[in-house]
Amino acid sequence: MYPPLILLCLVLAFGPDGGWASVAMITLGLLGWSLAEYLIHRFAFHHAPLLQQIHLTHHDAPRELNGTPTLVTVAVFYGLVYWPLTWMLRAEWAAALTAGLLLGYLAYVGVHYVVHHLGSGGRAWLRRLIRLHAVHHHDVAHNFGVTSPLWDWVFGTLARR
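This write-up is about the structure you can find in this document. This structure is a prediction, so every number in the text was calculated from the model and none was measured.

1. A look at a nonpolar patch on the surface
Next up, step 1: Taken together, L31, L39, F43, L150, W153, V154 and F155 make up a surface patch of nonpolar side chains, about 680 Å² in accessible area.
Next up, step 2: Listing elements by their share of the nonpolar patch, those giving two or more residues are α2 (20–47) and α7 (150–155).
Next up, step 3: Residue placement: L150 occurs in helix α7.
Next up, step 4: Judged by its relative accessible area of 33%, L150 is partly exposed.

Listed below in structure tokens is the structure:
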């Protein structure tokens with residue numbers, strides 16, 4: 001479901017007034033997703049009572065296929081991201097920012113699946129992410145970023161052990 005939505009956002013982003021501003025907004029969306037991923041994982045998944053309970057079942061059985069239903073995440077992206085952005089920004093920019101956020105989310109879902117089910121395939125960068133995420137599963141106070149350690153480094157929660 002996400003690739004067609006991302007494609008639709010990209011088509012809208014590069015409409016009549018898109019251009020380089022849309023490229024910048026896509027980049028901002030990707031960066032914004034990486035921060036959201038960190039914050040959601042650190043604070044919602046490990047401190048909000050209901051979400052914490054659900055997330056800790058993932059820690060107990062990381063190879064189980066459990067997660068947020070796609071229709072829920074699509075509704076959240078539309079209702080809390082795209083639609084409000086259309087009130088604040090030009091339509092192309094709202095679509096571009098949403099495309100970047102959706103691309104980041106899709107990367108998160110894909111990387112998280114690979115980390116728990118497929119392994120690195122010899123790729124050093126993926127092997128590093130797998131190691132960092134494995135540390136998190138044994139030390140829930142560190143390594144909240146799944147697709148990148150950037151925000152763990154920025155906020156002092158990166159643990160390499």
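2. Quick look at the side chain of D152
Next up, step 1: Tracing the backbone shows D152 in helix α7.
Next up, step 2: Salt bridges are absent for the buried D152, whose nearest opposite-charge side chain, R42, sits at 6.7 Å.
Next up, step 3: Here F144 takes part through its backbone nitrogen, which lies 2.9 Å from a polar atom of the side chain of D152.
Next up, step 4: Contacts of D152, omitting those with residues within four sequence positions, involve Y38, H142, N143, F144, G145, T157 and L158.

3. Some remarks on a positive patch on the surface
Next up, step 1: On the surface, a cluster of positive charge is contributed by R127, R128, R131 and R160.
Next up, step 2: Its location among the elements puts R160 in the segment after α7.
Next up, step 3: Look at R160 and you get exposed, because its relative accessible area is 59%.

4. Side note on the packing of aromatic side chains
Next up, step 1: Taken as a whole and assessed by the stated rule, the structure comprises 12 aromatic pairs.
Next up, step 2: A centroid spacing of 5.3 Å and a plane angle of 55° characterise the contact between Y2 and Y105, whose relative ring orientation is tilted. On the criterion of sequence distance, the pair formed by Y2 in helix α1 (residues 2–13) and Y105 in helix α5 (residues 91–117) is long-range, its members being 103 residues apart. Each member of the pair, Y2 together with Y105, is buried.
Next up, step 3: Judged by centre distance (6.0 Å) and plane angle (55°), the rings of W33 and Y108 are tilted. Taken together, the positions of W33 in helix α2 and Y108 in helix α5 put the pair 75 residues apart, joining distant regions of the chain.
Next up, step 4: With relative accessibility at 9%, the residue W33 sits in the buried group.
Next up, step 5: Its relative accessible area of 17% is what places Y108 among the buried residues.
Next up, step 6: Through successive ring pairs, a cluster of aromatic residues spans Y2, W33, F77, Y105 and Y108.

5. Describing the side chain of N143
Next up, step 1: Here N143 shows up in the loop between α6 (124–138) and α7.
Next up, step 2: Among the polar contacts listed, one links the side chain of N143 to the backbone oxygen of L132, at a separation of 2.9 Å.
Next up, step 3: Apart from the residues lying within four places of it in its own chain, the contact partners of N143 are L132, V135, H136, D152, T157, L158 and A159.

6. Quick word on α5
Next up, step 1: With 27 residues, α5 should reach 39 Å at 1.5 Å per residue; the first-to-last C-alpha distance of 38 Å fits that figure.
Next up, step 2: Phi turns positive, to about 85°, at G119, one or two residues after α5.

Each value, and the rule that gives it
Residues numbered from 1 in each chain as written. Predicted model: local features only at pLDDT ≥ 70, side-chain atom pairs only at ≥ 80, totals over all residues. Heavy atoms only, no water. Patch = residues over 30% accessible without salt bridge, like charges linked within 9 Å, V, L, I, M, F, W, Y side chains within 5 Å. Areas by Shrake-Rupley, 256 points an atom, 1.4 Å probe, with all protein chains shown as cover. Salt bridge = Lys/Arg side-chain N within 4 Å of Asp/Glu carboxyl O. Helix = DSSP H or I, 4+ residues; strand = E, 2+ residues; numbered from the N terminus. Buried < 20%, exposed > 50% of the residue type's maximum accessible area, 1.4 Å probe, protein only. Lys, Arg positive; Asp, Glu negative; His and termini not counted. Polar contact = N/O pair within 3.5 Å; in protein donor to acceptor, adjacent residues only side chain to side chain. Contact = heavy atoms within 4.5 Å. Charge placed at Lys NZ, Arg CZ, Asp CG, Glu CD. Phe/Tyr/Trp six-rings, centres within 6.5 Å; stacked < 30°, edge-to-face > 60°. Expected span 1.5 Å × (residues − 1).

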